[in-house]
Amino acid sequence: MTSSTTSPQAYRPSSAKRGQLWLANHFAILTAVAVLLYLFLPVAYTFAFSFNDHGKTNIVWQGFTFRHWQDPCGVPGACSSLVTSLQVGALSTVVATVLGTLMALAMVRYRFRGKAASNMLIFVPMATPEIVMGAALLTIFVQGFANIGLSLGFWTIVFAHIMFCLSFVVVTVKARIQSLDPRIEEAAQDLYASPMQTFWQVTFPLILPGILGAAMLAFSLSFDDFIITNFVSGNESTFPKFVYVASRRGIPAEANVIGFSMFVIAVLLVVGAQVVNSMRASTPKE
């Protein structure tokens, strides 16, 4: 009897087969890289054209210069609109975060009449098109605030941003609260902690990451908003509104400088938060 033996090379896949195997193993990574390149292409364009030595328009590359980075406020209205956006974002974020956190606590921890309807209505501002919400708020502000002498401007922008940021804060903080183990709070109460002590020493530290995440989301939504702001701003100009008006004659490179700088600051904040969390996780507990 003869036993047939097969050489190991007979099982070696062909080059085409190896290519297919390699593509199958790295498909997810290649897709992620392609998506990231697609997402960051406008950012790269913004960074590149912040150095463009342009004339009236910043559309065609005409030369390299550092002068736009040396004086980002060289274009009238650029820095003043940026300051307005930062002020509006800070005020609306603080108010929306406080109110949204209280609403999330009430919806998760308490029972009241109309709770199911409230949970459903929270999503209505998130699902409503911004142009519809902007037109509705414009009608409310013009007809309602005119009686108290408040015209369209800074405060109407703040009120509008609080309204549409509130839903995002509630949903974010609510998800964090629902993920908590109620037995932790019960253990604190078994150790004779009062309800206020339980909240500040147990509940609040546990939901703080969700609150901070909701605040960052609210600020980014407020700073980035243009459609609703354009309806209720009157003569007040925010940075997105300034960019929109400037785009009609070619966005100046100073706007690219400011926009890319805000992007870098946001990335550094996110990376810093990740580094801090990693350091806390790696620190041995005593």
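Residues numbered from 1 in each chain as written. Predicted model: local features only at pLDDT ≥ 70, side-chain atom pairs only at ≥ 80, totals over all residues. Heavy atoms only, no water.

Moving on to the packing of aromatic side chains. According to the stated counting rule, one finds 20 aromatic pairs in the structure shown. For the pair Phe47 and Phe260, a centre-to-centre distance of 4.6 Å together with 40 degrees between the ring planes defines the contact as tilted. Of the two residues, Phe47 is situated in helix H2 (residues 27–49) and Phe260 in helix H13 (residues 253–282); the sequence distance between them amounts to 213 residues. Judged by its relative accessible area of 35%, Phe47 is partly exposed. Aromatic side chains Phe223 and Phe239 sit 6.4 Å apart centroid to centroid with 25 degrees between the ring planes, which places their arrangement in the stacked category. With Phe223 in helix H10 (residues 195–224) and Phe239 in helix H12 (residues 239–247), this pair connects stretches of sequence that are 16 residues apart. For Phe223, a relative accessible area of 14% translates into the label buried. Grouped by ring-pair contacts, the aromatic residues Phe40, Phe47, Phe51, Phe64, Phe66, Trp69, Phe260 and Phe263 constitute a single cluster. (Phe/Tyr/Trp six-rings, centres within 6.5 Å; stacked < 30°, edge-to-face > 60°. Helix = DSSP H or I, 4+ residues; strand = E, 2+ residues; numbered from the N terminus. Buried < 20%, exposed > 50% of the residue type's maximum accessible area, 1.4 Å probe, protein only.)

On to H10. Remark: the principal bend of H10, roughly 50 degrees, maps to Phe204, with a proline, Pro205, within the next four residues. Residues of H10 that are buried sit in contact with helix H4 (78–109), helix H8 (154–178), helix H9 (182–190), H12 and H13. (Bend = angle between axes of the 7 residues up to and from the residue. Contact = heavy atoms within 4.5 Å.)

Glancing now at the pattern of salt bridges. Under the counting rule described, the total for this entry stands at three salt bridges. A salt bridge links Asp53 to Arg67; its shortest N-O distance comes to 3.0 Å. Here Asp53, found in the loop between H2 and helix H3 (67–70), pairs with Arg67, found in helix H3; they are 14 residues apart in sequence, far enough to count as distant. Arg67 sits in the partly exposed class, given a relative accessible area of 38%. Across the pair Glu185 and Arg109 runs a salt bridge whose closest N-O atoms are separated by 2.9 Å. (Salt bridge = Lys/Arg side-chain N within 4 Å of Asp/Glu carboxyl O.)

H13 packs onto H12 with a crossing angle of 150 degrees between their chain directions and a minimal axis gap of 11 Å. Considering the relative orientation of H12 and H13, their crossing is left-handed. Mapping the contact onto sequence places Phe239, Phe242 and Val243 in H12 and Ala255, Ile258 and Gly259 in H13. Across the contact of H12 with H13, the residue classes break down as five nonpolar, one polar and no charged. (Axes fitted to C-alpha atoms, helices over the stretch in contact; angles between N-to-C directions. Left-handed = near helix turned anticlockwise from the far one by under 90°. Nonpolar A, V, L, I, M, F, W, Y, C, P; charged D, E, K, R; others polar.)

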